[in-house]
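Breakdown of the fold
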Amino acid sequence: MFYTSSQAGLATNGASWDASRFGTIITTLGTLNIGTTITYPQFVVTPDNLLQFVYRTGVSGNGATQLAEYNGGVWSNVGSWASASGTYTSTNGVTSSARNLYIHGFTYRLDRLHVTGTWREQVGGVSCSSGGLTNHDTVYFNSDDKGRTWHNSAGSSIGTSGLSPMNVNTAGIIVDSLNADHGLMNQESQVVDSTGQIHAIISYVPGMPFYGSLTDSLTFEDYATSPGRFTQCVTNYETDRIAHGFAFHLYRSSNGTFTKFEIPFPINAVGRSQIVLDSADNVYVVLPFVRIVTASKSSGWTDWTLAFDGVAAGLNAFGEVTVDRARVTSGVLSVLYQVKSTGTTPSAVHLIDFNLNG
C-alpha cells in the first residue's frame, strides 16, 4: 500500500495540485501499520463527516475485511468485521475452511451503515466445475455505530469488529441463497433508499426465471426441469455469463424481508452493473456497455424498461462502467466508460450524463 495526504484545504482552496503540496509517500496509513497485503481499498465518509478506510487483508479465498477510521488527524484501527473463518459445505458435499467476503458496497444513510456481499471459497471443489466461480450466497448486515457492532436484517446482534467478526457461519445473514455453481459475480453495487432500505444488484446464470418474494417455494427440481433455461453448472464463467447471465434487483422491505426480481434484459457480459436511485426512489441500473434499465417505485420495481441503449447508440463501450454517485443527488446520472480496443491499443475514456426523472 502507498499513502500520502495533501496540505489542509487543497481540495477546496483553488490551489494548483502539484507534488509539493503532498507529503512523502509512505507504506502505512498515516502512523497506522495495516500490513503489506492490502486489496480492494476504498474511502468512505460517515454521516458525521469522519473518514473511514475499508480494505481486505489476505488474498482471494482467504482474507479478512477490515476497517480503519481517521479522526482528529489520526488513523486508528477499528478491526476486522468479516473473517475467513468457519466451514462451508457445498451442495456437492465438498467443504472449505477459508474464504473472503466481497462486498457490493459500504453505504451510509439515515445514520445506518449497510453492507451486502458474497463469499468466495478457497477450495475450488465447492463449485461443480473448475471453470466456474466459488462465489456463493448474498449476505446482508448493518451497523448503527459506524462499523463497531453489527446486526442482521432481523435486528439480532451478530458481531463486533476486532473482537468477534462475522463469518460464513454467522446466523441470519444470508438473504439470497445460491450455491457456487452459477457464476455469481462479486463486487457489484448497492444503494440505500430514502426510507433506509438497501437495494443491491447481483448477477449470475439462472436455472429458471425468478419473480417475486424469496419466500416463494422453489425446489432444485423446479430449476432443473424448467424448460428453455440455462444450466445448473457453469463450466466457464466468462462464456456462460456472456451467453446466459442476468442481473437481479434484490431489496429489503421495512419488515426485514428481502425480495428478488430478475431484470428482464440479459447482461451479455462477464462484468458488473451499477444501481442508483432518484429522489423518488425509482431504480436505474447501468448494465455493461452503458445500457440503462429502470423500474418505478410505484410498480414495486417490477415495470422494467430499457431507457437507454449504449450499444444501439454506437458508444462502443467496453464492458463495465463507473457512475458518479455524488452527482445522483442533484438529479444527474454521470457514467464513465472506456471505448473498446484490441490488444494493447489505448482507447478513449468518455463521460456521458443523463438527467434522472425523479
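A quick note: this is a predicted structure, and the numbers were derived from the prediction, not measured.

This part takes up the nonpolar core. Trp81, Leu101, Phe106, Phe141 and Trp150 are the most contacted members of the largest nonpolar core, which has 23 residues in total. Within the residue set of this core, elements represented by two or more residues are β4 (74-82), β7 (99-103), β9 (112-121) and β10 (135-143). Phe141 has contacts with Trp81, Leu101, Leu113, His114, Val115, Trp150, His151, Ile158, Met166 and Ile173, leaving out every residue within four places of it along the chain. The next biggest cluster of nonpolar side chains, apart from the first, holds 17 residues, and it includes Leu315, Val323, Val328 and Val339.

Of the volumes computed, that of the largest pocket is approximately 1,300 Å³. Every residue lining the largest pocket is counted, 49 residues in all, and those nearest its centre are Gly105, Thr107, Gln190, Val191 and Arg325. No other element matches the six residues that strand β1 (residues 38-45) contributes to the lining of the largest pocket. Among the residues forming the lining of the largest pocket, the class breakdown is 24 nonpolar, 17 polar and eight charged.

The next subject is the sheet that holds strand β24 (residues 332-338). As summarised here, the arrangement of the three strands in space is β23-β24-β25, forming an open sheet in which the pairing is antiparallel. Of all strands in the sheet, those bounded by a partner on one side alone are β23 (322-323) and β25 (349-355).

When you line up the elements, Ser153 lands in the loop between β11 (149-151) and β12 (157-160). Residue class for Ser153 comes out buried when judged on its relative accessible area of 9%. Here Arg252 takes part through its side chain, which lies 2.7 Å from a polar atom of the side chain of Ser153.

Let us look at the confidence of the model for the protein. Across the protein, the average pLDDT comes to 93, with 94% of residues at or above 70. Within the model, the stretch residues 210-228 combines pLDDT values under 50 with 32 contacts to residues more than four positions away or in other chains.

So, about the packing of aromatic side chains. Tallied over the entire structure, the rule returns 18 aromatic pairs. Residues Phe53 and Trp75 carry aromatic rings whose centres are separated by 6.3 Å and whose planes lie at 70° to one another, so their mutual orientation is edge-to-face. In this pair, Phe53 is assigned in strand β2 (residues 51-59) and Trp75 in strand β4, connecting sequence segments 22 residues apart. Exposure remark for Phe53: the relative accessible area of 4% places this residue in the buried category. What makes Trp75 buried here is its relative accessible area of 5%. Judged by centre distance (5.9 Å) and plane angle (80°), the rings of Phe141 and Trp150 are edge-to-face. For the residue pair Phe141 and Trp150, the accessibility class agrees, reading buried in each case. Linked through ring pairs, Tyr3, Phe43, Phe53, Tyr55, Tyr70 and Trp75 together constitute an aromatic cluster.

A few words on the state of the cysteines. One pass over the structure, following the stated rule, counts one disulfide. Between the sulfur atoms of Cys128 and its disulfide partner Cys233 the distance amounts to 2.1 Å. Measuring handedness by torsion sign, the sulfur bridge of Cys128 and Cys233 sits at about 105° and is right-handed. Within this pair, whereas Cys128 is found in the loop between β9 and β10, its partner Cys233 is found in the loop between α1 (220-225) and α2 (237-244), the two being separated by 105 residues in sequence. The class for Cys128 is partly exposed, based on a relative accessible area of 34%.

A positive phi angle is found at Val290, which is not glycine, with a value near 60°. Residue classification places Val290 among the buried residues on the basis of a relative accessible area of 0%. Of note, Trp301 is a non-glycine position whose phi angle comes to about 60°, a positive value. Structurally, Trp301 is set in the loop between β21 (291-295) and β22 (305-309). With a relative accessible area of 9%, Trp301 lands in the buried category.

This part covers the pairing of strand β17 (residues 246-252). Burial runs high along β17: seven of the seven residues are buried. Burial of β17 is two-sided: the residues Phe246, Phe248, Leu250 and Arg252 facing one way and the residues Ala247, His249 and Tyr251 facing the other way are all buried. Where strand β15 (residues 198-204) and β17 come together, six bridges link them in antiparallel fashion. Across the sheet, residue Ala200 finds its bridge partner in β17, namely Leu250. Where β17 lies against strand β18 (residues 258-266), six bridges are found, and the strand directions are antiparallel. From the neighbouring strand, Tyr251 faces β18, where its bridge partner is Thr259. Two successive antiparallel strands, β17 and β18, enclose a turn made up of five residues, where Gly256 displays a positive phi of approximately 95°.

What counts, and at which threshold
- Residues numbered from 1 in each chain as written.
- Predicted model: local features only at pLDDT ≥ 70, side-chain atom pairs only at ≥ 80, totals over all residues.
- Heavy atoms only, no water.
- Core = buried A, V, L, I, M, F, W, Y, C linked by side-chain atoms within 4.5 Å.
- Buried < 20%, exposed > 50% of the residue type's maximum accessible area, 1.4 Å probe, protein only.
- Helix = DSSP H or I, 4+ residues; strand = E, 2+ residues; numbered from the N terminus.
- Contact = heavy atoms within 4.5 Å.
- 1 Å grid on protein atoms, 1.4 Å probe; cavity = no way out; pocket = protein on both sides within 12 Å on 5 of 7 lines; lining within 4 Å.
- Points joined across faces, edges and corners; volume = space filled by probe spheres on them.
- Nonpolar A, V, L, I, M, F, W, Y, C, P; charged D, E, K, R; others polar.
- Pairing = 2+ DSSP bridges.
- Polar contact = N/O pair within 3.5 Å; in protein donor to acceptor, adjacent residues only side chain to side chain.
- pLDDT = per-residue confidence, 0-100.
- Phe/Tyr/Trp six-rings, centres within 6.5 Å; stacked < 30°, edge-to-face > 60°.
- Disulfide = S-S within 2.5 Å.

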